[in-house]
Amino acid sequence: MRRPGGPAAMETITSEQPTVPAEPAQPEQGPVVPRRSPLRAAIKTGRPKEWVKNVFVFAGLLFSGKFDQSHAIVEAVLTFVAFCMVSSAGYFLNDLIDVELDRKHPKKRFRPIAAGELSERAAMTIAPVLALAAVALAFGAVNWEVGLMVVAYGVAQTAYSLGLKQVVIIDVMTLAGLFILRVAAGASAVDAHASEWLLLCTGMLAAFLGFTKRRQEAVSELHEGTSTRPVLEHYSLPFLDQMVSLVTTGTVISYAIYTVNSPIVGNEMMWTIPPAVYGIFRYLYLIYDRNDDRSMSGIIAGDRGIQAAGAAFAVTAFLLLYVF
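Note that the structure is predicted; figures quoted are calculated from it, not measured.

Q: In this structure, what is going on with a positive patch on the surface? I would like to understand it.
A: Residues R35, R40, K44 and K49 make up a contiguous surface patch of positive charge. Locating R35 in the fold gives a position in the loop between α1 (6–10) and α2 (38–45).

Next comes the structure, spelled out in structure tokens:
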């Protein structure tokens, strides 16, 4: 519980300021005036900021000890590019399906398709082109296993946009499956074995991100008086808080167990636990105490604490696997 006195009392505990206003801003009225060219609008719709999620394909490269092999690096990079293209295709499809709901949302109405900056016909052309290019790259430049995983990713993402995102709990489980596919594809690209504990940890972390995102959306819609994501009608804040608590515990425990049995350096990988745990706790702090309603990519790009945790984790893992 918060101490009496509101924000002023909070400032006696930490010098950090809230990342969003204490009172939600009122949504602007009237139609959105187009501000971007069709090219910039298309790039925006592809959401390149969200490509940070695809760095999970490099997990197999890093944890298999093959980061010093140029061929493996090239294969992992090509896999990363393929997942960026297929995920962007999914964002085009998602925005096409949700265009009417987005136009009623105070923030999402500025998305290019909803704002009229990118025509629906153009979006329907770009989406399959990106998807086919991703599949061709994966099959032709990497290997057939990665190609199948890119296809599976595209199918799952399409199913999510068409209906699974409206099914309570299944929506988050689908997102977790997409993250697991990224890790598995990255491992297959460099001919490495993806540890079962690593895959489990990835799934738990993805569920953590999914349920925290749902909580952010639920709080935002509650404050703004909007209702643009039907599945939120089936989520209550107490239930979401329980789910966040559960998957946070699962993420930390599963990763800790993985580090004890690391196939390369054994339990020396436990040195990566502190930055990993700090990053997770910092994320929770921003969402619960700072009322941060940005996306995962927005939080990572804008918070130095999480950036420092990520850098410390990467450096520590690299030193353990490749230097010591």
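Q: In this structure, what is going on with helix α8 (residues 144–162)? I would like to understand it.
A: Side chains that are three or four residues apart share a direction in an α-helix, a result of its 3.6 residues per turn. A rise of 1.5 Å per residue sets the reference length of α8, with its 19 residues, at 27 Å; its end C-alpha atoms lie 27 Å apart and thus fit the reference within 8%. Listing the buried residues of α8 in full gives V146, G147, M149, V150, Y153, G154, Q157, Y160 and S161. The arc that holds the buried residues of α8, viewed along the axis, is 165°, so those residues lie on one side. Across α8 from its buried face, at more than 90 degrees, point the exposed residues W144, V155 and L162. The backbone nitrogen of E145 has a side-chain oxygen 3.0 Å away, supplied by the residue at the start of α8, namely N143.

Q: I keep staring at the pattern of salt bridges and nothing clicks. Help me out?
A: Note on pairing: side chains with opposite charge can pair once their charged atoms come close. Following the criterion strictly, the structure yields 11 salt bridges and no others. Residue E50 pairs with K53 through a salt bridge whose shortest N-O separation is 3.1 Å. You can call K53 buried: its relative accessible area is 17%. Residues R214 and E217 are paired through a salt bridge, measuring 3.1 Å at the closest nitrogen-oxygen approach. You can see R214 and its partner E217 sitting in helix α10 (residues 196–224), 3 residues apart, about one turn around the helix. Accessibility expressed as a relative area gives 14% for E217, which makes it buried. Here the salt bridges do not stand alone but share partners, grouping R47, D95, D102 and R111 into one network.

Q: Could you clarify how one ought to interpret the nonpolar core in this entry?
A: Most often, soluble globular proteins have nonpolar side chains that are buried together. Within the largest apolar cluster, 40 residues are counted, with the highest numbers of intra-cluster contacts made by F63, F208, F211, Y235, Y255, M269 and Y283. Elements with a minimum of two residues in this core: α3 (59–63), α9 (170–189), α10, α11 (237–260), α12 (273–288), α13 (296–302) and α14 (304–323). When residues of this core are assigned to their parent elements, the largest contribution, 8 residues, is made by α10. The contacts of Y255, once residues within four sequence positions are left out, are C201, M269, T272, I273, A276 and F313. One finds A134, V150, Y153 and L178 within the second-largest nonpolar core, a separate group that totals 20 residues.

Q: Just checking my understanding: could you explain unusual backbone geometry for this structure?
A: Trans peptide bonds make up most of the peptide bonds, and negative phi angles are found at most residues other than glycine. The backbone of R47 shows a phi angle near 50°, a positive value even though the residue is not glycine. Phi angles above zero are rare outside glycine, and I169 is one such case at about 75°. Position of I169 among the secondary structure elements: in the loop between α8 and α9.

Q: What exactly am I supposed to notice about the confidence of the model for the protein here?
A: Low-pLDDT stretches of the model should not have their predicted coordinates read in fine detail. Across the protein, the average pLDDT comes to 86, with 88% of residues at 70 or higher. Confidence drops under a pLDDT of 50 for residues 1–28, and excluding neighbours within four residues, the segment shows 29 contacts in the predicted structure.

Q: Where do I start with the side chain of S88 in this structure?
A: Topologically, S88 is positioned in helix α4 (residues 70–97). In this structure the side chain of S88 is engaged in a polar contact, spanning 2.9 Å, whose partner is the side chain of W51. Among residues more than four places away in sequence, those in contact with S88 are G46, W51 and L130.

Q: I tried to follow the packing of aromatic side chains on my own but got confused; where do I start?
A: The description of two aromatic rings rests on the distance between their centres and on the angle between their planes. What the rule picks out here adds up to 13 aromatic pairs. For the pair F63 and Y258, a centre-to-centre distance of 5.7 Å together with 80° between the ring planes defines the contact as edge-to-face. On the criterion of sequence distance, the pair formed by F63 in helix α3 and Y258 in helix α11 is long-range, its members being 195 residues apart. Each member of the pair, F63 as well as Y258, carries the same accessibility label: buried. With centroids separated by 6.0 Å and ring planes inclined at 85°, the aromatic side chains of F67 and F318 adopt a geometry described as edge-to-face.

The rules we used
Residues numbered from 1 in each chain as written. Predicted model: local features only at pLDDT ≥ 70, side-chain atom pairs only at ≥ 80, totals over all residues. Heavy atoms only, no water. Patch = residues over 30% accessible without salt bridge, like charges linked within 9 Å, V, L, I, M, F, W, Y side chains within 5 Å. Areas by Shrake-Rupley, 256 points an atom, 1.4 Å probe, with all protein chains shown as cover. Salt bridge = Lys/Arg side-chain N within 4 Å of Asp/Glu carboxyl O. Lys, Arg positive; Asp, Glu negative; His and termini not counted. Charge placed at Lys NZ, Arg CZ, Asp CG, Glu CD. Helix = DSSP H or I, 4+ residues; strand = E, 2+ residues; numbered from the N terminus. Expected span 1.5 Å × (residues − 1). Buried < 20%, exposed > 50% of the residue type's maximum accessible area, 1.4 Å probe, protein only. Arc of directions from axis to C-beta. Polar contact = N/O pair within 3.5 Å; in protein donor to acceptor, adjacent residues only side chain to side chain. Core = buried A, V, L, I, M, F, W, Y, C linked by side-chain atoms within 4.5 Å. Contact = heavy atoms within 4.5 Å. pLDDT = per-residue confidence, 0-100. Phe/Tyr/Trp six-rings, centres within 6.5 Å; stacked < 30°, edge-to-face > 60°.

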